[in-house]
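Here are the chains, one letter per residue:
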Amino acid sequence: MNILRLIRHIATTRWSTRRHFPQSTRDAIEQAIGECESRHGGEIRFVVETSFDLPELWRDLPPRTRALQLFGQFGVWNTEHNNGVLIYVLMADHDVEIVADRGIASRVAQAEWDAVCRQMEHHYREGRFREGSVVGILGVGALLGRHFPGTRPSDNELPNQPVLL
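By convention here, each chain's residues receive numbers from 1 onward along its written sequence. Owing to the predicted nature of the model, reporting of local features is limited to residues with pLDDT of at least 70; listing and counting of side-chain atom pairs is limited to 80 or more, with chain, interface and lining totals taken over all residues. Just so you know, side-chain values use all the structure's heavy atoms and leave hydrogens and water out.

Engineer: Mind showing me how you'd approach the pairing of strand 3 (residues 95–100) here?
Structural biologist: Regular strands show a simple pattern: their side chains alternate between the two faces of the sheet. Extensive coverage of strand 3 is indicated by the burial of 6 of its 6 residues. Strands are treated as partners if at least two bridges between them are detected by DSSP. Each helix is a run of H or I in the DSSP string that is no shorter than four residues. Each strand is a run of E no shorter than two, and both are numbered from the N terminus. The turn linking strand 2 (residues 84–90) back onto strand 3 is made up of 4 residues, and H94 within it adopts a positive phi angle of 55°. Each residue gets one of three labels from its accessible area relative to the maximum for its type: buried under 20%, exposed over 50%, partly exposed in between, using a 1.4 Å probe on protein chains only.

Structure representation (C-alpha cells):
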C-alpha cells in the first residue's frame, strides 16, 4: 500500500468534492452533456468519485480499473449502438479516465481520449472544475460526432446528470 496515496485519500473529503462541484457546476455539466448529445448519436456519462476506501487502497486499485467497474455499474456499456462514454474523475488521485464502449473505442485511438483527460486535468489543477468538465465533455462530443454524426433519436438512454460518489 502506498502511504502517501492513503493519506491523500483520507484527506480528500466529500465536502471538498462538493465545493469543487457545486450545484451550478453540476448543472453546467448536465447542460453540456444534453447539448453535446443533441449533435451526435453517442451517450456520455460523467462520474466524480471523492476517494477510495481502505480495501481499494490496500489492493492498490488503479483509477482505470475503478472507471471500468463504474462503466458497467452505470450501464454505459448497454447503449443501443455501443457508443456510450464514461468520463470518470477521481479527486484524491487528481486523475481523469475516459472509458468508451466498443462501438466508439474501436474507432478512436487511446491517445485522443488521453488528450481530453489531460486537458481536463490541466483545468482542474488550476481550480477551474466547471471549465475543465465542460472542456472534457466537448472533447468527447467532438470524437463522438466524428464517428456518430447527426442527431440521435429523442430517447436519452443514459441520464445527463453527473454522479458524485
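Don't stop here, the text continues.
Engineer: Mind showing me how you'd approach the packing of aromatic side chains here?
Structural biologist: The description of two aromatic rings rests on the distance between their centres and on the angle between their planes. For Phe, Tyr and Trp, rings pair up if their centres lie within 6.5 Å, where Trp contributes its six-membered ring, and each pair is then called stacked (planes under 30 degrees apart), edge-to-face (over 60) or tilted (otherwise). Summed over all chains, the structure comprises 3 aromatic pairs. For the ring pair F21 and F129, a centre distance of 5.5 Å and an interplane angle of 65° mean the geometry is edge-to-face. Linking F21 in the loop between helix 2 (14–20) and helix 3 (23–37) with F129 in helix 8 (residues 129–147), this pair joins segments that are 108 residues apart in sequence. No difference in accessibility class separates F21 from F129, as the two residues are buried. With centroids separated by 4.8 Å and ring planes inclined at 15°, the aromatic side chains of Y124 and F129 adopt a geometry described as stacked. In terms of burial, Y124 and F129 fall into one category: buried.

Engineer: Sorry if this is basic, but what is going on with the environment of E157 here?
Structural biologist: By secondary structure assignment, the location of E157 is in the loop between helix 8 and strand 4 (163–164). Residue class for E157 comes out partly exposed when judged on its relative accessible area of 32%. Counting of polar contacts relies on pairs of N or O atoms within 3.5 Å, with two restrictions inside protein: one atom must be capable of donating a hydrogen and the other of accepting it, and residues adjacent in sequence are counted only when both atoms are side-chain atoms. Engagement of the side chain of E157 in a polar contact is seen with the backbone nitrogen of E80, the distance being 2.8 Å.

Engineer: Teacher, can you tell me more about the sheet that holds strand 1 (residues 43–49) here?
Structural biologist: Two orientations exist for strands paired in a sheet by backbone hydrogen bonds: parallel and antiparallel. Across the sheet, 4 strands lie side by side as 3-2-1-4; this open sheet has mixed pairing. At either margin of the open sheet sits one strand with a lone partner, and together these are strand 3 and strand 4. With 7 bridges connecting them, strand 1 and strand 2 associate as parallel partners. Counted as the bridge partner of F46 is I87 from strand 2.

Remember that the coordinates give geometry; whether it matters functionally is a separate question.
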